[in-house]
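# Residue-level structural notes
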Amino acid sequence: MAARKNEGGAARTRILELFQSNLGQVVTKDQIAAVAVISEWARRVRELRDEFGYLIVSHKDRPGELRPGEYILTAAEPRETAKQRKIGKDQYFRILVRDNHMCQSCGAKVGDPNPLDPSRTVRLVVDHVYPISEAEKYGIDPYADENLQTLCDVCNEGKWNKYAGKIGEARLNLEALVRHAPLEEQRRVYEVLKAIFDPKR
């Protein structure tokens, strides 16, 4: 267990060095995975951003400018106000139970096949609805249960490209957008479409 923890810390250090040597420039998930040499590289990126305060932006922060799997470190030093907080085990499992152990974006559950790699199954993670920087901007506690959600690792890493063709063309792939919307929104879309295409029911 200690060896695994040390491995994660070493990977985090290597990832930070990669970002700092490419300050203000796009760093891809392939570059990060290559230096991390562990499968959980995305978790280390989140730790650098959320727990250590480094201003790392992704396509979630800059849609249209960055593609899924692209990141930029915008400042060499972490935020002075960064708090060494993280999602504790009790809270982690509380969110999983609340969300019925199901991805709130696509509905995947533990054991379902990974759509990007059929030889693997999806893993569930608990992540922020609003990134820490955005939550703080609007006076939301980033670590409140209401700002946490269960996602599968595929949705969490944003590997699904929600655009058909070049992002700059902004031709939305509606099927992907609906599939990765919260389940409540999916149900709402379903009811609207059902009323249009099957009004007699």
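Small disclaimer: the values here were computed from a predicted structure and weren't measured.

## With respect to the sheet that holds strand β2 (residues 56-57)
Think of a sheet as strands paired side by side through backbone hydrogen bonds, with each pair either parallel or antiparallel. Spatially, β1-β3-β2 is the arrangement adopted by the three strands of the open sheet, whose pairing is antiparallel. In this open sheet, the two edge strands, each paired with only one partner strand, are β1 (26-28) and β2. Of the strand pairs in this sheet, β1 and strand β3 (residues 70-73) are connected by three bridges, and their pairing is antiparallel. Within β3, the residue paired with threonine 28 across the bridge is glutamate 70. Against the sheet, helix α2 (residues 29-36) makes contact with β1 and β3, and its axis sits at roughly 60° relative to β1, the strand it touches most.

## What to know about the side chain of histidine 128
Here histidine 128 shows up in strand β6 (residues 124-128). At 2.8 Å, the side chain of histidine 128 and the backbone oxygen of proline 142 are in polar contact. Among all residues touching histidine 128, those that are not within four sequence positions of it are Asp50, Pro142, Tyr143, Asn147, Leu148 and Gln149.

## Quick notes on the nonpolar core
One finds Ile15, Phe19, Ile32, Trp41, Val45, Ile56 and Tyr71 to be the most contacted residues of the largest nonpolar core, which totals 17 residues. Listed by contribution, the elements that provide at least two residues to this core are α1 (2-21), α2, α3 (41-51) and β3. Per-element tally for this core: the top contributor is α1, with five residues. If we ignore the near neighbours within four places in the chain, the residues touching valine 45 are Ile15, Phe19, Ile32, Ile56 and Tyr71.

Conventions used here
Along each chain, the written sequence defines residue order, and numbers are assigned to residues from 1. Residues qualify for local features only when their pLDDT is at least 70, as the model is predicted, and side-chain atom pairs are given and counted only at 80 or more; totals for whole chains, interfaces and linings, by contrast, use all residues. Note that the side-chain values use all heavy atoms of the structure and ignore hydrogens as well as water. Strand pairing requires that DSSP identify at least two bridges connecting the strands. Runs of E in the DSSP output that reach at least two residues are strands. Runs of H or I that reach at least four are helices, and both are numbered from the N terminus. Any pair of residues with heavy atoms lying within 4.5 Å of one another is described as a contacting pair. Fitted lines through C-alpha atoms give the axes, limited to the stretch in contact for helices. The angle between two N-to-C directions lies from 0 to 180 degrees. Each polar contact in these results corresponds to two N or O atoms within 3.5 Å; when the atoms are within protein, one needs to be able to donate a hydrogen and the other to accept it, and residues that are neighboring in sequence are counted only if both atoms are side-chain atoms. Put simply, a nonpolar core is a bunch of buried Ala, Val, Leu, Ile, Met, Phe, Trp, Tyr and Cys residues held in one set by side-chain atoms that sit within 4.5 Å of each other. For each residue, the accessible area found with a 1.4 Å probe, counting protein chains only, is set against the maximum for its type, and the residue is called buried under 20%, exposed over 50%, and partly exposed in between.

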